[in-house]
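Working through the structure, step by step
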Amino acid sequence: DVKVTQSSRYLVKRTGEKVFLECVQDMDHENMFWYRQDPGLGLRLIYFSYDVKMKEKGDIPEGYSVSREKKERFSLILESASTNQTSMYLCASSFPQAGGPDTQYFGPGTRLTVL
Amino acid sequence: QQQVKQSPQSLIVQKGGISIINCAYENTAFDYFPWYQQFPGKGPALLIAIRPDVSEKKEGRFTISFNKSAKQFSLHIMDSQPGDSATYFCAASLGSNYQLIWGAGTKLIIKP
């Protein structure tokens, strides 16, 4: 079974703090994604990476950065946390399938509260 | 043009009833339409998916109906059970693009 793990289930930080969210997948997947999930807004893509050290902005990259130094690990960084970044953060991974789109496999999420 | 609009936002169905969730899209180039299911405290997981060359796909109690001309697709859950209570997301993707365009989600509650 594919396993995607996220470093924390719950996290409480203060405004202005630097926050690191870590994601690790164990299936050698090439693609990794960071989403935030808010009620009524669904899943919004923050960043994704299709290879080590490669990254592309998603729909809402402002206030976030990412790092992918190893294939299995994708980190989301909030340089200076703000209250409007309080949300559920979901990491996902996928691998290219011949002739078809990928299935994304999700971690359990990190609920981040910024006070 | 990149949006996928999902309705309703929430749905309550009696046990044994049929749950129906609808999605609409604008971009006719989309060629893959998955549904993901998310239980509380878990990440979403792929439930069922369809391509536009078929009008219906069934897996157990779950059926996707696809109407290409109307640019709509829907998820039907037959004989709905309390264990089906979850949030359901429709999505769409374009060719070999690995990104998914997500609907806003539907919180489904099945009453015993």
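So, here is what we can say about the structure in this document.

Criteria and thresholds
- Residues numbered from 1 in each chain as written.
- Chains lettered and ligands numbered in written order.
- Predicted model: local features only at pLDDT ≥ 70, side-chain atom pairs only at ≥ 80, totals over all residues.
- Heavy atoms only, no water.
- Helix = DSSP H or I, 4+ residues; strand = E, 2+ residues; numbered from the N terminus.
- Contact = heavy atoms within 4.5 Å.
- Buried area = accessible area lost by both parts, 1.4 Å probe.
- Salt bridge = Lys/Arg side-chain N within 4 Å of Asp/Glu carboxyl O.
- Pairing = 2+ DSSP bridges.
- Axes fitted to C-alpha atoms, helices over the stretch in contact; angles between N-to-C directions.
- Buried < 20%, exposed > 50% of the residue type's maximum accessible area, 1.4 Å probe, protein only.

Once that is clear, we can look at the environment of Gly17 of chain B. Residues and elements named next belong to chain B. Mapping Gly17 onto the fold places it in the loop between β2 (10–14) and β3 (19–25). A sequence separation of 61 residues divides Gly17 from Met78, and the C-alpha atoms of the two residues are 6.6 Å apart. Not counting chain neighbours up to four residues away, the residues in contact with Gly17 comprise Ile77, Met78, Asp79 and Ser80.

Before going further, it helps to spend a moment on the environment of His29 of chain A. Mapped onto the secondary structure, His29 of chain A falls in the loop between β3 (19–25) and β4 (31–38). Separated by 53 residues in the primary sequence, His29 of chain A and Ser82 of chain A place their C-alpha atoms 31 Å from one another.

Moving on to the interface of chain A and chain B. Chain A puts 22 residues into the contact, and the matching count from chain B is 18 residues. Between chain A and chain B lies a buried interface of about 1,600 Å² when both sides are counted; carbon and sulfur atoms form 56% of it. Sorting the residues of chain A by area buried against chain B places Leu43, Pro101 and Gln104 of chain A first, and these three jointly supply 29% of that buried surface. Counting across the interface, chain A meets chain B through zero salt bridges.

Residues and elements named next belong to chain A. On the basis of which strands lie adjacent, the open sheet formed by four strands has the order β1-β3-β8-β7 and antiparallel pairing. Two strands close off the open sheet at either side, each with one partner strand: β1 (4–6) and β7 (64–70). On average, each strand axis in the sheet is inclined to that of its neighbour by 20°, with strand direction left out of account. Pairing of β3 with strand β8 (residues 73–78) involves six bridges; the strand directions are antiparallel. Bridging from a neighbouring strand, Phe20 pairs with Ile77 of β8.

Side-chain direction in a regular strand flips from residue to residue, so the side chains alternate between the two faces of the sheet. Residue and element names in this part refer to chain B. Of the two faces of strand β1 (residues 4–7), the one lined by Val4 and Gln6 is fully buried and the one lined by Lys5 and Ser7 carries no buried residue. Of the strand pairs in this sheet, β1 and β3 are connected by four bridges, and their pairing is antiparallel. Paired with Gln6 across the two strands is Cys23, which belongs to β3.

For the rest of this paragraph, the subject is the sheet that holds strand β7 (residues 62–67) of chain B. Two strands in a sheet stick together by hydrogen bonds in their backbones, pointing the same way (parallel) or opposite ways (antiparallel). Residues and elements named next belong to chain B. Reading across from one edge, β1-β3-β8-β7-β6 is the order of the five strands in this open sheet, with antiparallel pairing throughout. Two strands in the sheet have a free side with no partner beyond their single neighbour: β1 and β6 (56–59). Direction aside, the axes of adjacent strands within the sheet are offset by 15° on average. Across six bridges, the pairing between β7 and strand β8 (residues 72–77) is antiparallel. If you follow Phe66 over to β8, its bridge partner there is Phe73.

Once their charged atoms are close, side chains differing in charge can pair, the charge on each being opposite to the other. By the definition in use, this model includes nine salt bridges over all chains. Linking Glu26 of chain B and Lys71 of chain B is a salt bridge whose minimum nitrogen-to-oxygen distance equals 3.6 Å. You can see Glu26 of chain B sitting in the loop between β3 and β4 (30–38) and its partner Lys71 of chain B sitting in the loop between β7 and β8, a full 45 residues away along the chain. Within this structure, Arg36, Asp38 and Arg44 of chain A form a network of salt bridges that share partners.

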